[in-house]
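# Structure assessment
One letter stands for each residue in the lines below.
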Amino acid sequence: MAATTHRSMQVAEPGGEMSLVLVDTREPGPGQVRITVEACGVCHSDALITGGHLPGTTFPVTPGHEIAGRIDAVGGDVTGWSVGDRVAVGWYGGSCGHCDACREGDGVLCPELQVPGAAYAGGFADSVVVPAVALAAVPDELTAVEAAPLACAGVTVYNALRRSSARPGDTVAVLGLGGLGHLGVQFAARMGFNTVAMARGPDKASLAHKLGVSRYIDSATEQTADALQAYGGAKVVLATVTSAAAMSATVDGMGRRGELIIVGVDMEPLDITPLQLVSGARRVYGHASGIAVDTQDTMRFAAQSGVRAWTEEVPLEEAGAAVQKMMSGQARFRMVLTTGN
């Protein structure tokens, strides 16, 4: 029998402190399931939600959209899922199902996209109720801690790479070696790309090679565009950093019909001229994460190939400290909350 209350880490107002509260445990409604949360990753986007920057967010909020756990109750009209199933839920937490984006399998761009933590209480808790359409099956080879970061960070970089124009043997450069970048490098290498990592400082070189790169570019001492051209030009640059200037500096390093795919977010404009794009028939575009089946594909590929997020585990009640460490850039490389469930 399920508990009538459970622990939840809440923020009462935009920019407020996180506090541990007891909340009522809900029963799932039609089309929903309830998950006993085992682990939940901490993402930079959680700060957008707790800061009140995501439209439609109402307070208090329980953040968390890198959720991994087990189904403990199934609502009406749900097929294909059972109590005990291991599942994950990411940034895509449900959508309308009837708009053009949803009907084309692009529900992550649905105008009514539901993000856990904003549309409903997220995974910084013992329990969460989610739409069944948001569920991704977790492979047996992955623990909950390993699965959680793949539900947002992992699917973002994996989906960006597999939907790009790059093919095995092409040069793919990953800009940044943080929470997104360290996964992007691993996925790129395992997908058969000639993988280059770009970051600041010589100390990152050994890390980059450990993650699987063929070459490392120290952007503090090298011109990234010249270095990339010396390697023949990049078919794809995957920008995982939050610096528009660093992204802009890679454009001239792209090869013929190269692509700059942006998954890191910055409010500053890019410094790119039309001539830079036209002269090489280059493209620049942003990429959102993906729907539940994309998350499932990401986890399946990771399980088979050995890709794993590097994580630091923190108890649920220390979520505030975990968020602070992540925001300070000190996390190596994903903070994951564990509930003990």
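Up top is the structure these notes are about.
### Let's talk about the pattern of salt bridges
- Counted by the stated rule, this structure contains 14 salt bridges.
- Put simply, aspartate 126 and arginine 7 hold a salt bridge, and the shortest N to O gap is 2.9 Å. With aspartate 126 in the loop between helix H2 (100-103) and strand E6 (127-131) and arginine 7 in strand E1 (residues 5-11), this pair connects stretches of sequence that are 119 residues apart.
- Aspartate 126 sits in the buried class, given a relative accessible area of 12%.
- Note that arginine 163 is salt-bridged to aspartate 294, the shortest N-O span being 3.6 Å. Residue arginine 163 is found in the loop between helix H4 (153-162) and strand E8 (171-175), and its partner aspartate 294 is found in helix H10 (residues 292-305); the two are separated by 131 residues along the sequence.
- Among the residues examined, arginine 163 registers a relative accessible area of 51% and is labelled exposed.
- Take aspartate 294: its relative accessible area is 5%, and that puts it in the buried class.
- Taken together, the salt bridges that share partners define one network made up of Arg162, Arg163, Asp294, Asp297 and Arg300.

### Focus on the state of the cysteines
- Enumeration according to the criterion identifies 0 disulfides in this entry.
- Counting only cysteine sulfurs, cysteine 152 is the nearest neighbor of cysteine 43, a cysteine outside any disulfide, at a range of 4.1 Å.
- Judged by relative accessible area, which is 8%, cysteine 43 ranks as buried.
- Its sulfur unpaired, cysteine 110 is 3.6 Å from the next cysteine sulfur, which belongs to cysteine 96.

### Examining the packing of aromatic side chains
- Enumeration over the complete set of coordinates arrives at 4 aromatic pairs.
- Look at tyrosine 158 and phenylalanine 187: their rings are 5.2 Å apart centre to centre, the planes differ by 50°, and that puts the pair in the tilted class. On the criterion of sequence distance, the pair formed by tyrosine 158 in helix H4 and phenylalanine 187 in helix H5 (residues 181-190) is long-range, its members being 29 residues apart. Like tyrosine 158, the residue phenylalanine 187 is buried in the burial classification.

### Points about H10
- Under the 1.5 Å per step criterion, the end-to-end length of H10 is 20 Å for 14 residues, consistent within 8% with the ideal 20 Å.
- Every buried residue of H10 is listed here: Ala292, Asp294, Thr295, Thr298, Met299, Phe301, Ala302 and Ala303.
- Where H10 is buried, its residues contact strand E5 (86-89), strand E7 (136-137), helix H3 (144-147), H4 and H5.
- Backbone geometry just downstream of H10 places glycine 306 in the positive-phi region, at approximately 90°.

### What to know about the nonpolar core
- Judged by nonpolar contacts, the single largest core of 36 residues is most densely connected at Leu161, Leu183, Phe187 and Met299.
- Of all the elements in the fold, those that place two or more residues in this core are H3, H4, H5, strand E11 (234-239) and H10.
- For this core, the leading source of residues is H4, giving 5 residues.
- With residues up to four places along the chain from it excluded, the contact list for leucine 183 reads Leu150, Ala153, Gly154, Val157, Val307, Arg308 and Ala309.
- With 31 residues, the next largest nonpolar core counts Met9, Val11, Val323 and Ala331 among its residues.

The rules behind these values
Residues numbered from 1 in each chain as written. Predicted model: local features only at pLDDT ≥ 70, side-chain atom pairs only at ≥ 80, totals over all residues. Heavy atoms only, no water. Salt bridge = Lys/Arg side-chain N within 4 Å of Asp/Glu carboxyl O. Helix = DSSP H or I, 4+ residues; strand = E, 2+ residues; numbered from the N terminus. Buried < 20%, exposed > 50% of the residue type's maximum accessible area, 1.4 Å probe, protein only. Disulfide = S-S within 2.5 Å. Phe/Tyr/Trp six-rings, centres within 6.5 Å; stacked < 30°, edge-to-face > 60°. Expected span 1.5 Å × (residues − 1). Contact = heavy atoms within 4.5 Å. Core = buried A, V, L, I, M, F, W, Y, C linked by side-chain atoms within 4.5 Å.

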